Amino acid sequence: MTGGMINMPMLDGLLMIVNGHFFKGLNYFLKQRKLMLKEKSSLTRETDAVKEM
């Protein structure tokens, strides 16, 4: 539904924010976003290496 822009752990962070734990939820959301982007970039590097072969 979001096209891969948000995953379930990031949604948990948003729910923490809505439930009154703004800074805790924001911190959790941003950490999960950083992990997701790191994993996505490593996957693209791996697929680029395979394409070069």
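Preceding this paragraph is the structure being described.
We now turn to the structure provided with this report.

Cut-offs and rules
- Residues numbered from 1 in each chain as written.
- Predicted model: local features only at pLDDT ≥ 70, side-chain atom pairs only at ≥ 80, totals over all residues.
- Heavy atoms only, no water.
- Helix = DSSP H or I, 4+ residues; strand = E, 2+ residues; numbered from the N terminus.
- Contact = heavy atoms within 4.5 Å.
- Phe/Tyr/Trp six-rings, centres within 6.5 Å; stacked < 30°, edge-to-face > 60°.
- Polar contact = N/O pair within 3.5 Å; in protein donor to acceptor, adjacent residues only side chain to side chain.

**Considering the side chain of Gln-32**
- By secondary structure assignment, the location of Gln-32 is in helix α2 (residues 22-52).
- Those residues in contact with Gln-32 that lie beyond four places of it in its chain are Pro-9 and Met-10.

**Quick word on the packing of aromatic side chains**
- Applying the stated criterion across every chain, the model contains 1 aromatic pair.
- Arranged with centres 5.0 Å apart and planes meeting at 85 degrees, the rings of Phe-22 and Phe-23 form a pair that is edge-to-face.

**Focus on helix α1 (residues 8-18)**
- The N-cap of α1, judged by a side-chain oxygen 3.1 Å from the amide nitrogen of Met-10 a few residues on, is Asn-7.
- One or two residues past the end of α1 sits Gly-20, with phi positive at roughly 100 degrees.

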